[in-house]
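# What the coordinates show
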Amino acid sequence: MRNTTKLTDEQLVAAYAAGDNEAFDTLLLRHKQKLFTYILQMVKDRDVADDIFQETFVKAITTIKQGRYNDLGKFSAWIARIARNLVIDSFRAEKSENSMSTDTADYDILNRRDLAEDTIEDTLIDLQIEDDLRRLVDLLPDVQREVLVMRYYRDLSFKEIAELTGVSINTALGRMRYAILNLRRLAKEKAVSLTR
C-alpha cells in the first residue's frame, strides 16, 4: 500500500479515476470536515446535512468515474459547488413539499389578506417603499449595487452575474451579502421601513 496522503487533490482524483479506491478515501478524509461544516451552516439540520454530504460525494464519485471531472479549478471548490447546488435543490424540494393543498386544510386558505385586492392606501405604501428602497440602493458601493440590481431587478443567476462582471461566483455572492447587510444598516440609520 502506498502513501496517498502526500499527493495533491488533482493527483488523487487522477489516481481514483484510474481505479485506485484508496485515493478517493484520502480525498474524503481530507475534505469531509470542512465540507460537512459548510453544508451544516447552510441547512442548520444535522440529518439533512448528512444526506447532502453523502449525496455530494456520490455525485463526485459518479462524475470522476465517468471521466467528466474538469480539473480547471481546485477540487475543494468543485466539491463545494456540488454541495451548494444540492443544498439549493433541497431548499426547493422543501419549499414545494410545504405548499398547502386546499383539500387538507381545516380553514379557508383563500380567505387571506395577501390574496385580496390592494386598497389605495396599500398601493401608496408600496410605492413609497419602492421609492425608499431605490434611494437606499443608490447609496450602496458600485459593485454591491451592480450585483443587487442584476439579481433582483434583472433576475439573473449568480453564475450569469459572475460571468457578466468578470468575477467568481463566490465574489458575486459575497457582494450580494454585503449589499443586503448595508441596505439593512442604511434603512435603520435613516429610519426607513421596507415593509407594510
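Refer to the structure above for everything that follows.
Reading the values: the criteria
Residues numbered from 1 in each chain as written. Predicted model: local features only at pLDDT ≥ 70, side-chain atom pairs only at ≥ 80, totals over all residues. Heavy atoms only, no water. Patch = residues over 30% accessible without salt bridge, like charges linked within 9 Å, V, L, I, M, F, W, Y side chains within 5 Å. Areas by Shrake-Rupley, 256 points an atom, 1.4 Å probe, with all protein chains shown as cover. Salt bridge = Lys/Arg side-chain N within 4 Å of Asp/Glu carboxyl O. Lys, Arg positive; Asp, Glu negative; His and termini not counted. Charge placed at Lys NZ, Arg CZ, Asp CG, Glu CD. Helix = DSSP H or I, 4+ residues; strand = E, 2+ residues; numbered from the N terminus. Axes fitted to C-alpha atoms, helices over the stretch in contact; angles between N-to-C directions. Parallel < 35°, antiparallel > 145°, perpendicular 65-115°, else oblique. Contact = heavy atoms within 4.5 Å. Nonpolar A, V, L, I, M, F, W, Y, C, P; charged D, E, K, R; others polar. Phe/Tyr/Trp six-rings, centres within 6.5 Å; stacked < 30°, edge-to-face > 60°. Buried < 20%, exposed > 50% of the residue type's maximum accessible area, 1.4 Å probe, protein only. Lys NZ or Arg CZ within 6 Å of the ring centre and 35° of its normal.

## Re a negative patch on the surface
Negative charge collects at one region of the surface, where Asp45, Asp47, Asp50, Asp51, Glu55 and Glu94 lie side by side. If you trace the backbone, Glu55 turns up in helix α3 (residues 46-65).

## Some thoughts on the packing of helix α6 (residues 142-153) against helix α8 (residues 169-189)
Look at α6 against α8: their axes get within 8 Å of each other, and the N-to-C directions meet at 100°. With respect to each other, α6 and α8 are oriented roughly perpendicular. Mapping the contact onto sequence places Val143, Gln144, Val147, Leu148, Arg151 and Tyr152 in α6 and Ala172, Arg175, Met176, Tyr178, Ala179, Ile180, Asn182 and Leu183 in α8. Grouping the amino acids of the contact of α6 with α8 by side-chain chemistry returns ten nonpolar, two polar and two charged.

## What to know about the packing of aromatic side chains
Tallying each qualifying case throughout the model produces seven aromatic pairs. Ring centres of Tyr69 and Trp78 lie 4.6 Å apart, and the angle between their planes is 80°; on these two criteria the pair is classed as edge-to-face. Trp78 sits in the buried class, given a relative accessible area of 11%. In this structure an aromatic cluster arises from ring pairing among Tyr16, Phe24, Phe36, Phe53 and Phe57. Here the basic side chain of Lys65 rests over the ring of Tyr16, its NZ or CZ set 4.3 Å away from the ring centre. Sitting above the plane of the Tyr178 ring, Arg177 keeps its charged end 5.5 Å from the centroid.

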